[in-house]
Amino acid sequence: MLDINNIRSQYPILSREVNGKPLIYLDSAATSQTPQCVVDKITEMYTQHKANVHRGVHRLSQEATDCVEHTRARVCQYLNAQSIEEIVFTRGTTEAINLVASSFGESLCNGDEIILTVMEHHSNIVPWQLLGKRKRIRLRVVPIAADGTLRRDIYSDMFSENTRLVALCHVSNVLGTVNPIKELIAEAHSHGVPVLVDGAQAAPHLRVDVRDLDADFYALSAHKMYGPTGVGVLYGKRRLLEQMNPYQGGGEMIGHVAWDKTTFADLPFKFEAGTPDFVGISAFAEALDYIDSIGIDNIADWEHCLLKRATEGLMKIPGMRIFGTQPEKSGVISFLVDNIHHYDMGMLLDQLGIAVRTGHHCAQPLMTALGIEGTVRASFAVYNTFDEVDAFVAAVKRVADMLRLG
């Protein structure tokens, strides 16, 4: 059993009030809160080790460089990558996917196809649309079943001699669907097709082993993993990264620059142009240590308990519709009550101190497929409690009753 009170004590923000009510933060799928140990590391970097990395022989630069490369090694270990050369730092999952779309995408040409799913976040749709306009490639989209699971039969039928890539999420940020990534990757590989996985919603909640999954690319964001904002990771198999041209040009990513020719640095640095967020990157190692200190399996189990309790409570409310009803899902609930607008529900919940997300959740094609404009989304993390879940359910019922009368 987790000591939730001790865990919550590490998050000063959870003791504040919103609109005169105790804060109940249920928006961790958008960004998780940050424990004090990560904040302390950020402060330490700014007050003790701030210097540009990889460029200086002086002590501070060496210390900052060591912190960044320590984090690279920690991410490599966390994902069970084969080598640190396969870990590229980015500003987030969005930039990581754009990197692949721009660099790997250079090899695509007119008539090539990419397989996506209807549950993708805009970050895993728009980069491929932009690539499609440049290269005249075709996007093929796998639909979902009524419970929010992927239509595996249609996925299998989508592969053709023109398929060049599969890009799909590990976990849906709206439905909570946990896709069978290992099996989907294996099927793609049987056709000789590489796979990019958007792991933004999976890495904070599930054990991720990129070698066991056999993922070709895996992208994630630190700010959803109890870490700082502005830091992300692209894992890529070394042979693929070596074949790809740099995404951006500038300092740090070069071997030698002359007017007639520039050579590029070795992996992973050829993809890391400019000064990185070395403070945030260094603090990300603390976040990974924090997750490991609790245990990712313990986190997953606790979030599943919160999800089960919330689902059971919400389903007792008349007119409740939950989107994504498969038995095994991540700690996300997207719902509507009768014809109550999601914004109205979210605004009134905020007046009660409860932070949820409303809208299309950067998944407008999924909303169109569901026949709705948006939902209310509650998402859980290790610091949430049963009392918060019960207060949330009671508040949804109270707001629904009030709006019905109105």
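A brief look at the structure comes next. Keep in mind it's a predicted model, so treat the numbers as computed, not measured. (Residues numbered from 1 in each chain as written. Predicted model: local features only at pLDDT ≥ 70, side-chain atom pairs only at ≥ 80, totals over all residues. Heavy atoms only, no water.)

The subject of this paragraph is unusual backbone geometry. Cis geometry is adopted by the peptide bond preceding P268, which originates at L267 and carries an omega value of 0°. Secondary-structure assignment places P268 in the loop between β12 (262-264) and α10 (278-294). With a phi angle near 65°, Y226 is a residue other than glycine that sits in the positive phi range. You can see Y226 is positioned in the loop between β9 (217-221) and β10 (232-236). Even without being a glycine, D338 presents a positive backbone phi close to 50°. (Helix = DSSP H or I, 4+ residues; strand = E, 2+ residues; numbered from the N terminus.)

Moving on, we come to the sheet that holds strand β6 (residues 138-142). Judged by pairing direction, the sheet is mixed, and its seven strands sit side by side in the order β4-β10-β9-β8-β7-β5-β6 without closing on themselves. Strands with a single pairing partner mark the edges of an open sheet, and in this sheet they are β4 (87-90) and β6. The mean angle between the axes of side-by-side strands here comes to 20°, regardless of whether they run parallel or antiparallel. Pairing of strand β7 (residues 163-169) with strand β8 (residues 195-198), which is carried by four bridges, proceeds in the parallel orientation. If you follow C169 over to β8, its bridge partner there is D198. Against the sheet, helix α7 (residues 181-190) touches β7 and β8, its axis set at about 160° to β8. (Pairing = 2+ DSSP bridges. Axes fitted to C-alpha atoms, helices over the stretch in contact; angles between N-to-C directions. Contact = heavy atoms within 4.5 Å.)

Let us look at the environment of I299. In this fold, I299 is placed in helix α11 (residues 296-314). Between the C-alpha atoms of I299 and G176, which are 123 residues apart in sequence, the distance is 16 Å. Ignoring sequence-local partners within four residues, the contact set of I299 consists of P204, Y226, I291, I294 and V382.

Moving on: the packing of aromatic side chains. Two descriptors summarise a pair of aromatic rings, namely the distance from one centre to the other and the angle between the planes of the rings. A full pass over the atoms with the stated rule returns nine aromatic pairs. Judged by centre distance (4.9 Å) and plane angle (45°), the ring pair of W302 and F386 falls under tilted. Taken together, the residues W302 in helix α11 and F386 in helix α14 (residues 386-405) connect sequence positions 84 residues apart. In this structure F386 comes out as partly exposed when scored by relative accessible area, which is 28%. When the ring of F335 is compared with that of F392, the centres are 6.1 Å apart and the planes differ by 65°; the resulting orientation is edge-to-face. Here F335, found in strand β14 (residues 332-337), pairs with F392, found in helix α14; they are 57 residues apart in sequence, far enough to count as distant. As far as burial versus exposure is concerned, F335 and F392 are alike and both buried. Grouping aromatic residues by their ring pairs yields a cluster made of Y11, Y226, Y290 and Y383. (Phe/Tyr/Trp six-rings, centres within 6.5 Å; stacked < 30°, edge-to-face > 60°. Buried < 20%, exposed > 50% of the residue type's maximum accessible area, 1.4 Å probe, protein only.)

Function cannot be inferred from these measures alone, as they are strictly geometric.
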